[in-house]
Structures are given as structure tokens and as C-alpha cells.
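Examination of the molecular architecture
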Amino acid sequence: MQKFLNSCIAGIALLGLSFSAACSASDLEQVMKERGLSEKDVLAAAKTYQPSGRKDEFIVFSSGGQSGQILVYGVPSMRIYKYIGVFTPEPWQGYGYDDESKAVLKQGAIRGKEITWGDTHHPNFTEKNGEYVGDYLFINDKANPRIAVVNLHDFETTQIVVNPIMKSEHGGSFITPNSEYVIEASQYAAPLDNNYHSIDDYEAVYRGAITFWKFDYPKGKIDEKASFSLELPPYWQDLSDAGKGESFGWAFTNSINTEMYTGGIEKGLPPFEAGASRNDTDFMHVYNWQILEKLAKDKKNYMEINGHRVITIKAAVDAGALFLIPESKSPHGIDVTPDGRYIIIGGKLDTHASVYDFRKIKELIDKKDFAGTDPYGIPILDMKKALHGQVELGLGPLHNSFDSKDGIVYTSLYVDSQIIKWDYKNLKVLDKVNVHYNIGHLDTMEGKSSKPVGKYAIALDKLSIDRFNPVGPLHPQNHQLIDISGAKMDLIYDMPIPLGEPHDVVSIAASKLSPALTYNMGTNSRTGKPSPYVTLAGQERIERNGKNVTVFATMIRSHINPEHIEVNKGDNVTIHLTNLERAQDETHGFGIDLYNIHASLEPGKTASVNFVADMEGIFPYYCTEFCSALHLEMMGYLLVKDPNKKYESAKGNKLKALSPEALKAEYDKVIATNKATDAVIQEVVAYLKEKHFEKYPKVKEQVEDALDQYSKIAEVKKKADEAYKKGDVNGAILWEYQVWQYMVKTADVGLRAKNNLAKAIATPMSAGAAKGEEAYLKGGCNGCHVIGQVSSGPDLTGVLLRHENGEKWVADFIKDPAKFYENDYVKAMINYFNLRMPNQHMSDEEIKHIIEYLKWIDENAGL
Ligand code: CUK
Ligand code: CUA
């Protein structure tokens, strides 16, 4: 029954809502009734459901909020694929446990203090011409002003830079259209140096700033020395966006608390929230990074603070690189339209969104048409003259994301818990949809690039309240998927996010990403370069130099070499590990019990762990990934001896050994087993060779992996034979078992290769056969018939050959099965399966195609 329902639902997913006879409406209705689903629910399921093995169209990178990590999930399925350790240790990936990743996390130390959490907010991709490039991802830490670089070649964090002058930030990480700079704007004003300054000196000494991190694209790294900042008044700068198209070279940053209120609730003063939202307007900062870049080259334009160049307000103003425009009080999101002409600002405390026209702004700047200056001498442009217009959207407009359709934008309404779709050119509201609840950011597919794709929007809801099963007072956040392809928005999926408060996501077509599947042998994944500690098979060793013990170890299914590491208490132990696997997904983990040591070794990776062996005793180490049937045996012992103690041998208690006869019998048995196993392998190898496996890259890779395992046998076999010759039967048996292990691994991968080869060389389906397969699936035939297997109905392989004039027989049978119920053969089948073939009401055309499909099955049955 279950299988039948599954095929029903799969059929629906394929076909929208048209049902075939076998997968009848009544079955679906029953499921809907039992589960309390409406037709709309079923349609939503059909829009998001991914059949096993089907890949997503978009990949979404979500900030992990206070977890300091990044989440990766797919759209439309909303399946979570990965967490990426960024500012916070992540044990599974060995992030923060192996030396290579510790070095990355250490880059994030601030004034010598290691910081093990982060408040990630805004992820963004490298861009070219304002379009997303799936090479690198940047993310900011709001709490501890830092930016991290994630290499999308392997989805690993490779760099963290600490802002040298900020004490908090929010407006990062925003990328200029050709990835020239990563923009990071401060949040709460503070002195730019690291000294104490009384809060009474707020206006004189406290400052805001924007840092322009220079991205060295070929190196994939932020170049700290080539980066610089711009000094700003102690307003609380906020979210930012880089101009593009006609606003290329400029960037824009919101602010709050332009009142420069300094709080003091404990002194009986009104709190920040009152004082900081007193004025009707705050300021949008408009600045030109191309001019600033030039200013940063001349000493007279900047101060040097903590070894970092900070362009003064005065230098920027004199060079015509910095302006202010009033904006509605306490604004939130600021987003440049795909063409770069308009800048849209969400009002937060205002019900409007404001659309600024960059052409007007540029004209005012060019004509030096200023409405005044702020207390720090920065020219202020007139708000009305810079505006294209304002639209009343609702309560709490926050963030904007764009559609592929020209002029269409979606804005989140925090207080109203809605997404609103509107036309920013004609300033018209088009549609609204409710979300649950209190949405912050929203993202349409590639929605902030210069070429948005549209299709879906994701609502990042801050509160989930009643949406999910309760799991305690700390509720998950809710990411909701909205179909925006039609005129009306349609909410189709809720996904709980169990990892911090993800402020923002950024999405990209999956086709733009091309992550590696394995590493080149011996890669340090954090640098992307060959590790000097790579250890190949045969190079395993333990080196001692006084108190320093260095182990060069390898891991491959299913052993760690070496298996004994004996050290003295107090030794400084370093273990360099290389995963020798070349097959994808054959990761080995390395953990030492009781020593807080863990590393993840993906195929080809070299990583190192270091510790002081400060506890005496015996500590098993083992592989922490279930990598093969012999995974539990993939272990070794760390033996830590106290050099100041005497240890007595316990040899006297040894158990009795096996008799020579018993040993010989065991030896003969393992030899026979190995012979039989080898015969199977040779059969598979013959098949692979005969069918030219080398022509199919994926199969070739597997065959190479299998042969790799097989190639190790000769050496081990030699050891077995030598032991046997010397009369060491016990040793010979153990080596023969190792031969068998390699054979099993060879056979395991070899059989996988064989299956894939069979699939690869199956003759391509004709158009008719393909339609036949479709009709077959649509008809729900696969509910009873499984090709190549007897299931709840007979195997259809060879069905055309089972009857005289088989094609006609089968066609007639499909057309009207009831006519055959009294036929002896059919009767026997009905009795055997206790089922009657139902009439599927197939058209003649469909039947013809199904016969084509069955012919194709027979042609390839031998495979
Ligand atoms: S901010 Cu959180 S909802 Cu940090 Cu981008 Cu608007
Ligand atoms: Cu390697 Cu388990």
C-alpha cells in the first residue's frame, strides 16, 4: 500500500494535478483526507518535493546568526545540506580542532583574545558586473567586527580578518560589482583607537567608519595592507549596498541615532530607544569608493590608527566623495535596484519605503546643490529633490529583494508579518502575502544581483510561535518559501532553522557552483596548497626529537597506519594525517579518546593535530566516519608511559595458543576463501574490460579506486607467503586475512562500478520508448511491477518473449485485461500474486509506446 501511495504522489509531482486511472483520484483523496490536506497543500507539496536523487535548482547560503556559522540549503526542496564552520569551532569538520583550521580561527583573535562565537549577518558572493559568481562567499560578524572568506571550491572557511578600528559593526559584507572591495560599515559609534574615552566626549572622539576590504581575487584573499577606511560622524551607521550600473563606484549606507544620543537609563535618563529615534529623519551616507581609493594613497588624506589608513571626513568632503541625504527615521534595509538607478530604503518606523533616484542625486552633487551641512561639515542633499517617490507599504518595512521582471520588488514588513510586492518605478502596490511571523530579511533568487532570477522568495521569519512542534522555550526560526512566479504570491513551505538567528540569505543557481568532490592528494584545505606533511603509502613513520614526537600517518579503508603510537608522558605530540582515498565521499575522521582531539579527513586531505600527552594511560584512537564494513576496526592505540615509573611485564598470564593442526586448518580455509573471492573479482574485471569501462569517466574513477585497493594485495600476499615459508603459520593467516580485506574493498567498489557501467551503456531510449516509460509511470504500473525483480506483480523483463506473437498479446492484455482473466497463464498469475491486472484505460498510442519501452528493457536486460 505504502509503495502504491508513493508512486501516486510521485505521479502527481510529475504531472501537476492530473491523475491517471491507476493512481486514481480516490487514493489521493484518501491520503488527503487522512492527513487533512487541502488541494492547495498538495499543490504546494508538488512544487517543493524532490524525488530521491533529484537535485535542487538553487543553493542558498544562510547566515547562522549567533552560531557563528553558515547554513547551506536547497530551493525549492528546503533541504539542509551543510553547516560551514566560520567563526565558531565545528567538531564534525574538525574546524578548530586540527592545526590548519585552528590557524584560521586564530586570525579572528582580537587583541590577543580568541573569540569563539560570532553573530553572522550578511553573506554575499563574489560578483562580476554585479552578477553572482560562485567562487567565494563573504560573511560579517556583527558582534566582533570581522569578515570571513569561505572558498566555495570546498565550502571551507579560509580567512578571517579583524577590523582594526571598529568596536562593533553591522553593514557588512557588501561586495562591489567586480569584487574589488568588501564593504563593512560600523554600527555603534566608538573611539577608533583602543583607548578609554569618556562618554561625555562622544561627539568629539567617538566615530563611525566604513572599511573597504581589498579583495585579491586571484589569491582568493582579502589583502589587509591594501584595505582602508573612511572616518564618519558618530551616527550609528547601518546596512549598506554598493552601487552598480549607472551608480557604479558609489556606495550607500543608512544610519540611525543621528541624534548622537548617548543613553544613561541607570542615571535616570531616557533610554537609547527614545533618544535615538527623536528626529524625523536620519541620514543616508553617499560616498564614492573610487575617489576614496585614490585618497588612501596620499598620507595627507588619512590618519593611521592601529596600523590602518583611515581617510578623514575632511579629506573625503574636500574631494567630493562624501554626502548625506535625509531619510525617514530609523530606516533599515537599503538596496540598490538591479540596474543601479534607484536606491530603496525600508522605513522600519515609517510605513513608507523611499525610492531615491541616483540620477537626481548625481545631478545635485554635480551642481553642488546642497541643503546645508551636518555638524561635521558633510554636505547634505535635499531629500525631496533626491527622491523618486515614496510608497505606503505597511508597518515596519525592512528589506527589499528584486524580481526578474523589471521594476518589481518585494519588501518585508516586520510588524505586519507580510511580504509586499510592488512596482518601484510606478510606485504601486501589487500584492501581499502573510508570513509567520515578524519577517526580517527576504531573498528572491539571486535577488540582489544585477540579474535577479525571481521564481522564489524566502521569508526569514524571526518568530515561529505556533508553526512547529514545541521544542522548549527557545523556538526555531522559520524560513518560508514563497512561489513568486505568478501574479499572486503563494506560500509553499515552512522550514524550521535550528541554529541561531539567521539574518540574511543569499541564493545562487546551483549550476553556477562547481565544488570539488575530492582533494588533490595531500592538500591543506585551508590554504588550498599541498601540505608539507603529506604522507603517502609506505612513508608512514614516527620521528622523535627529545620531547617532540611527530607521527606521519595515513588513513585508508580500513586502517590507520601506524596503529601503535607510544610516547612518554609530557611529550609534545603532532600527528600529520593524510587520507589516501581517491574515491568521493570516503571521508575518515580521526579522534583520540579522552584527549579532545578530532579531525576530518576528506579524500586527499592532509591535516594535523597537536597535543601534549599529559595523561598517562592507554587511549584508543579511531576513525569517526562509518567508512566501510570494517570501520570499527579502523583504530589504533596511543600508549602514554610515565618515564619515571617502572612497569612490570604481565607476560606470564598469556592465554594458550592454537595447536599446529588447528592453525593449518585455518590457514587452508582462508586460502580457499581468498581464491573464491578473487574469482568473483576477476569476473567483474572481465566484464568491465570487455565493456570498455575506460570510456565512462565516472566508472573509470571507480574502477581505478577498486584497482588501487587490489594493487595492495601483491605486497601483503608476499608477506603471507614469507611467513608461511618460515613456519610462522599464525602470521601467514593474519596476512591472508589482510589480503581478503583488500579483496572485499575491491569487490565493493568494483560491483558499484559494474552497475554504473551497465547503466551507462544501456542503449539510449527512442522517443517512443521514453514516452512509453512516462505512460508506464503515469499509469502507476510501477506500483506493482518492478523491472528486473518480482514484486507485487511479475517482472516485465522478457514479457514480450513469454507469449507467442508477444507484442500483440501484451497490447491486447493492457487494453482489456478482464478478457484474459480466464486464460490459464493469467489465471495462474492472479492466483500467485493474489492480484488482478486492472484496466488502466490506456490509449492505443500509449500502449504502443509502452511496448517500445518493454522492448528497450529487453535489449538491455543482459546488462
Ligand atoms: S539586519 Cu537582521 S533583519 Cu542585521 Cu540585515 Cu535586518
Ligand atoms: Cu574510516 Cu571509519
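Residues numbered from 1 in each chain as written. Chains lettered and ligands numbered in written order. Predicted model: local features only at pLDDT ≥ 70, side-chain atom pairs only at ≥ 80, totals over all residues. Heavy atoms only, no water.

The strand order across the open sheet built from 4 strands is β28-β29-β30-β31, with neighbouring strands paired in antiparallel fashion. Only two strands of the sheet have a single neighbouring strand rather than two, namely β28 (439–445) and β31 (490–497). The sheet shows a mean angle of 20 degrees between the axes of neighbouring strands, taken without regard to direction. Sheet topology note: the strand β29 (residues 454–461)/strand β30 (residues 477–483) ladder contains 6 bridges and is antiparallel. Across the sheet, residue Y456 finds its bridge partner in β30, namely D483. The sheet contacts of helix α3 (residues 39–48) involve β29, β30 and β31, and relative to β31 the element is tilted by about 65 degrees. (Pairing = 2+ DSSP bridges. Helix = DSSP H or I, 4+ residues; strand = E, 2+ residues; numbered from the N terminus. Axes fitted to C-alpha atoms, helices over the stretch in contact; angles between N-to-C directions. Contact = heavy atoms within 4.5 Å.)

Once that is clear, we can look at the sheet that holds strand β25 (residues 408–413). If you trace the 4 strands from one edge of the open sheet to the other, you get β24-β25-β26-β27, paired in antiparallel fashion. The open sheet is flanked by β24 (397–402) and β27 (428–434), the only strands paired with a single partner. If you compare each strand with its neighbour and ignore which way they point, the axes differ by 25 degrees on average. In this sheet, β27 lies alongside strand β26 (residues 418–423) in antiparallel orientation, the contact comprising 6 bridges. What sits directly across from D423, in β27, is K428.

What follows deals with the environment of L137. Note on placement: L137 falls in strand β5 (residues 131–141). Considered as a pair, L137 and G768 are 631 residues apart in the sequence and their alpha carbons are 46 Å apart. Discounting chain neighbours no more than four positions away, the residues touching L137 are F61, I70, P123, N124, F125, A148, V149, V150, L152 and V506.

Here the focus is the side chain of T48. Inspection of the secondary structure assignment puts T48 in helix α3. Apart from the residues lying within four places of it in its own chain, the contact partners of T48 are P76, S77, L481, I492 and Y493.

Bringing helix α18 (residues 824–833) into the picture now. For α18, the full list of buried residues reads V826, I830 and F833. Buried residues along α18 cover an arc of 85 degrees about the axis, so they all sit on one side. Pointing more than 90 degrees away from the buried face of α18 are the exposed residues D824, N831 and Y832. As for α18, its buried residues are in contact with α17 (806–815). The N-capping residue of α18, defined by a side-chain oxygen 2.7 Å from the backbone nitrogen of Y825, is N823. Immediately downstream of α18, the backbone of N834 shows phi near 60 degrees, a positive value. (Buried < 20%, exposed > 50% of the residue type's maximum accessible area, 1.4 Å probe, protein only. Arc of directions from axis to C-beta. Polar contact = N/O pair within 3.5 Å; in protein donor to acceptor, adjacent residues only side chain to side chain.)

Moving on, we come to the nonpolar core. For soluble globular proteins, the rule of thumb is that nonpolar side chains tend to be buried together. One finds F212, L292, I311, I343, Y356 and I361 to be the most contacted residues of the largest nonpolar core, which totals 56 residues. Listed in part, the 27 residues of the second largest apolar core include I565, Y621, C623 and M634. (Core = buried A, V, L, I, M, F, W, Y, C linked by side-chain atoms within 4.5 Å.)

A few words on the site of ligand 1. Surveying the vicinity of ligand 1 reveals the residues H121, H122, H170, L239, H332, H399, G440, H441, K462 and H503. Classifying every residue of the shell around ligand 1 gives 1 nonpolar, 8 polar and 1 charged. (Near = heavy atom within 4 Å. Nonpolar A, V, L, I, M, F, W, Y, C, P; charged D, E, K, R; others polar.)

Once that is clear, we can look at the domain arrangement of the protein. By a widespread convention, an interface's size corresponds to the accessible area lost as its parts come together. Its domain assignment divides the protein into domain 1 (58–512), domain 2 (529–641), domain 3 (660–761) and domain 4 (767–860). Interface area, domain 1 with domain 2, both sides summed: about 830 Å², of which 36% is carbon and sulfur. If you sort the residues of domain 1 by the area they bury against domain 2, Y97, D99 and E100 come out on top, with a joint share of 48%. Applying the counting criterion to the domain 1 and domain 2 interface returns 1 salt bridge. (Domains from an automatic or database assignment. Buried area = accessible area lost by both parts, 1.4 Å probe. Salt bridge = Lys/Arg side-chain N within 4 Å of Asp/Glu carboxyl O.)

The next point concerns the pattern of salt bridges. Between side chains of opposite charge, a pair can form as their charged atoms come close. Counted under the stated rule, the structure contains 47 salt bridges. One salt bridge in this structure joins K451 and E131, with 3.0 Å as the shortest N-O distance. One end of the pair, K451, is in the loop between β28 and β29; the other, E131, is in strand β5, and 320 residues separate them in sequence. Judged by its relative accessible area of 26%, E131 falls in the partly exposed class. The shortest N-O distance in the salt bridge between K719 and E715 comes to 4.0 Å. Placement of both K719 and E715 in helix α13 (residues 713–725) is noted, with a separation of 4 residues, approximately one turn of the helix. Through salt bridges that share partners, K40, K47, D483 and D490 make up one connected network.

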